[in-house]
Amino acid sequence: MPRCVITRRVHFSAAHRLWNPSFSDAENAGVFGVCNNPNYHGHNYDLDISVEGEIDPATGYVMDVQRLKQIATECVVSHLDHKNLNVDVPWFAGLNPTAENIAVVCWRVLQPAVRPATLKRIRLWETDRNYVDYDGT
Ligand code: NI
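Residues numbered from 1 in each chain as written. Predicted model: local features only at pLDDT ≥ 70, side-chain atom pairs only at ≥ 80, totals over all residues. Heavy atoms only, no water.

Draft legend 1. Region of interest: the sheet that holds strand β2 (residues 41-54). In spatial order, the strands read β3-β1-β2-β4-β5; together these 5 strands make up an open sheet with mixed pairing. In this open sheet, the two edge strands, each paired with only one partner strand, are β3 (83-84) and β5 (131-134). Relative to strand β4 (residues 118-125), β2 runs antiparallel, the two sharing 7 bridges. Opposite Asp 48, over in β4, you have Arg 123 as the bridge partner. Of the strands in this sheet, β1 (3-16), β2 and β3 are in contact with helix α2 (residues 65-80), which crosses β1 at around 25°. The sheet contacts of helix α4 (residues 99-113) involve β1, β2, β4 and β5, and relative to β4 the element is tilted by about 150°. (Pairing = 2+ DSSP bridges. Helix = DSSP H or I, 4+ residues; strand = E, 2+ residues; numbered from the N terminus. Contact = heavy atoms within 4.5 Å. Axes fitted to C-alpha atoms, helices over the stretch in contact; angles between N-to-C directions.)

Draft legend 2. Summary view of the layout of surface pockets. Its boundaries defined by the atoms lining it, the largest pocket holds a volume of some 190 Å³. Around the largest pocket, the lining comprises 15 residues; the ones closest to its centre are Glu 54, Val 62, Met 63, Pro 116 and Ala 117. The dominant element in the lining of the largest pocket, judged by the number of residues it contributes, is β2, at 3 residues. Tallied by class, the residues present in the lining of the largest pocket amount to 6 nonpolar, 3 polar and 6 charged. If you add up the space inside the second largest pocket, you get close to 160 Å³. What lines the second largest pocket is simply Arg 17, Trp 19, Asn 20, Pro 21, Asn 86, Phe 92, Ala 93, Gly 94, Leu 95, Asn 96 and Pro 97. For the lining of the second largest pocket, the residue count by class is 6 nonpolar, 4 polar and 1 charged. (1 Å grid on protein atoms, 1.4 Å probe; cavity = no way out; pocket = protein on both sides within 12 Å on 5 of 7 lines; lining within 4 Å. Points joined across faces, edges and corners; volume = space filled by probe spheres on them. Nonpolar A, V, L, I, M, F, W, Y, C, P; charged D, E, K, R; others polar.)

Draft legend 3. The coordination of the nickel ion, seen in detail. All of the protein donors around the nickel ion are His 16 (NE2), Cys 35 (SG), His 41 (NE2) and His 43 (NE2); their distances to the metal are 2.0 to 2.2 Å. Taken together, the 4 donor atoms surrounding the nickel ion define angles of 91 to 133° at the centre, an arrangement classified as tetrahedral. All donors of the nickel ion belong to a single chain; written as a sequence motif, their spacing is H-x18-C-x5-H-x1-H. Here His 16 is found in strand β1, whereas its partner Cys 35 is found in the loop between α1 (25-32) and β2, with 19 residues between them in sequence. By relative accessible area, Cys 35 is classed as buried at 12%. (Donors = N, O, S within 2.8 Å, 3.2 Å for Na, K, Ca; no water. Tetrahedral: all angles 85-135°; square planar, octahedral: opposite > 155°, others 65-115°. Buried < 20%, exposed > 50% of the residue type's maximum accessible area, 1.4 Å probe, protein only.)

This is the structure in C-alpha coordinates:
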(Lines give C-alpha, C1' and ligand atoms only; values in the text may rest on other atoms or scores of the structure.)
Protein backbone atom coordinates (compact mmCIF):
# COMPACT_ATOMS: atom_id res chain seq x y z
CA MET A 1 0.00 0.00 0.00
CA PRO A 2 1.15 3.57 -0.55
CA ARG A 3 2.69 5.32 2.42
CA CYS A 4 1.81 8.89 3.37
CA VAL A 5 2.78 11.39 6.02
CA ILE A 6 -0.08 13.11 7.84
CA THR A 7 0.33 16.10 10.12
CA ARG A 8 -1.79 17.45 12.95
CA ARG A 9 -1.11 20.86 14.51
CA VAL A 10 -1.79 21.35 18.21
CA HIS A 11 -1.34 24.46 20.28
CA PHE A 12 -0.24 25.27 23.79
CA SER A 13 0.75 28.37 25.72
CA ALA A 14 3.50 28.16 28.29
CA ALA A 15 5.95 30.24 30.28
CA HIS A 16 9.65 29.62 30.54
CA ARG A 17 13.00 31.05 31.42
CA LEU A 18 16.17 30.07 29.62
CA TRP A 19 19.23 29.99 31.79
CA ASN A 20 22.24 27.91 32.69
CA PRO A 21 22.99 27.84 36.43
CA SER A 22 26.69 27.46 35.72
CA PHE A 23 26.76 30.79 33.83
CA SER A 24 27.11 34.15 35.56
CA ASP A 25 24.14 36.53 35.44
CA ALA A 26 25.90 38.52 32.74
CA GLU A 27 26.64 35.41 30.69
CA ASN A 28 23.03 34.22 31.01
CA ALA A 29 21.77 37.62 29.89
CA GLY A 30 24.19 37.65 27.00
CA VAL A 31 23.44 34.13 25.77
CA PHE A 32 19.67 33.99 26.32
CA GLY A 33 18.66 37.65 25.97
CA VAL A 34 15.01 38.41 26.70
CA CYS A 35 14.33 34.69 27.25
CA ASN A 36 16.54 34.96 30.38
CA ASN A 37 14.06 37.29 32.13
CA PRO A 38 14.15 36.13 35.79
CA ASN A 39 10.37 36.33 36.22
CA TYR A 40 9.66 34.24 33.12
CA HIS A 41 7.71 35.11 29.96
CA GLY A 42 5.34 33.26 27.68
CA HIS A 43 5.08 31.87 24.19
CA ASN A 44 2.19 30.59 22.13
CA TYR A 45 3.58 27.36 20.75
CA ASP A 46 2.33 25.38 17.78
CA LEU A 47 3.40 21.78 17.45
CA ASP A 48 3.11 20.04 14.08
CA ILE A 49 3.12 16.28 14.60
CA SER A 50 3.81 14.26 11.46
CA VAL A 51 3.12 10.54 11.34
CA GLU A 52 3.94 8.12 8.53
CA GLY A 53 2.28 4.88 7.67
CA GLU A 54 0.55 2.82 5.05
CA ILE A 55 -2.88 3.82 3.91
CA ASP A 56 -5.35 1.40 5.49
CA PRO A 57 -7.40 0.06 2.57
CA ALA A 58 -10.47 -0.20 4.76
CA THR A 59 -10.51 3.44 5.86
CA GLY A 60 -8.24 5.24 3.40
CA TYR A 61 -6.42 6.69 6.42
CA VAL A 62 -2.85 6.42 7.67
CA MET A 63 -4.33 7.25 11.06
CA ASP A 64 -7.59 8.88 12.03
CA VAL A 65 -6.48 12.47 12.55
CA GLN A 66 -8.90 12.76 15.47
CA ARG A 67 -7.00 9.94 17.18
CA LEU A 68 -3.73 11.78 16.53
CA LYS A 69 -5.27 14.91 18.05
CA GLN A 70 -6.37 12.90 21.10
CA ILE A 71 -2.89 11.39 21.55
CA ALA A 72 -1.29 14.84 21.25
CA THR A 73 -3.70 16.32 23.75
CA GLU A 74 -3.16 13.56 26.31
CA CYS A 75 0.59 13.12 25.88
CA VAL A 76 1.73 16.72 25.33
CA VAL A 77 -0.84 19.50 25.55
CA SER A 78 -2.31 18.46 28.90
CA HIS A 79 1.20 18.48 30.40
CA LEU A 80 2.40 21.79 28.94
CA ASP A 81 -0.55 24.09 28.28
CA HIS A 82 -0.75 27.06 30.67
CA LYS A 83 2.24 25.75 32.63
CA ASN A 84 5.51 27.25 33.68
CA LEU A 85 7.88 24.81 32.01
CA ASN A 86 10.72 25.44 34.47
CA VAL A 87 8.59 25.12 37.61
CA ASP A 88 5.55 22.97 36.80
CA VAL A 89 6.81 20.32 34.38
CA PRO A 90 9.15 17.61 35.69
CA TRP A 91 10.33 16.85 32.14
CA PHE A 92 12.40 20.05 32.37
CA ALA A 93 14.04 19.43 35.72
CA GLY A 94 17.68 20.15 34.93
CA LEU A 95 16.85 20.72 31.23
CA ASN A 96 16.75 24.19 29.71
CA PRO A 97 13.29 24.57 28.12
CA THR A 98 14.47 25.79 24.73
CA ALA A 99 12.39 25.06 21.65
CA GLU A 100 14.97 22.38 20.80
CA ASN A 101 14.59 20.61 24.13
CA ILE A 102 10.79 20.94 24.13
CA ALA A 103 10.73 19.26 20.70
CA VAL A 104 12.89 16.36 21.91
CA VAL A 105 10.76 15.86 25.02
CA CYS A 106 7.58 15.85 22.92
CA TRP A 107 9.13 13.28 20.57
CA ARG A 108 9.92 10.94 23.46
CA VAL A 109 6.34 10.87 24.70
CA LEU A 110 4.67 10.80 21.27
CA GLN A 111 6.84 8.21 19.54
CA PRO A 112 5.51 5.18 21.45
CA ALA A 113 1.97 6.57 21.54
CA VAL A 114 1.38 6.70 17.78
CA ARG A 115 2.24 3.05 17.09
CA PRO A 116 1.73 1.20 14.82
CA ALA A 117 2.20 4.37 12.78
CA THR A 118 5.68 5.90 12.79
CA LEU A 119 6.44 9.33 14.17
CA LYS A 120 8.17 11.05 11.27
CA ARG A 121 8.85 14.60 12.37
CA ILE A 122 7.98 17.14 15.00
CA ARG A 123 8.00 20.84 14.16
CA LEU A 124 7.73 23.14 17.15
CA TRP A 125 6.92 26.77 16.41
CA GLU A 126 7.98 29.11 19.20
CA THR A 127 7.06 32.22 17.22
CA ASP A 128 5.72 32.87 13.74
CA ARG A 129 9.32 33.18 12.62
CA ASN A 130 11.15 30.47 14.60
CA TYR A 131 10.65 26.74 14.50
CA VAL A 132 12.62 23.64 15.36
CA ASP A 133 12.42 20.31 13.52
CA TYR A 134 13.24 17.04 15.24
CA ASP A 135 13.11 13.57 13.69
CA GLY A 136 14.32 11.42 16.54
CA THR A 137 17.99 11.37 15.61
NI1 NI B 1 11.34 32.53 25.35
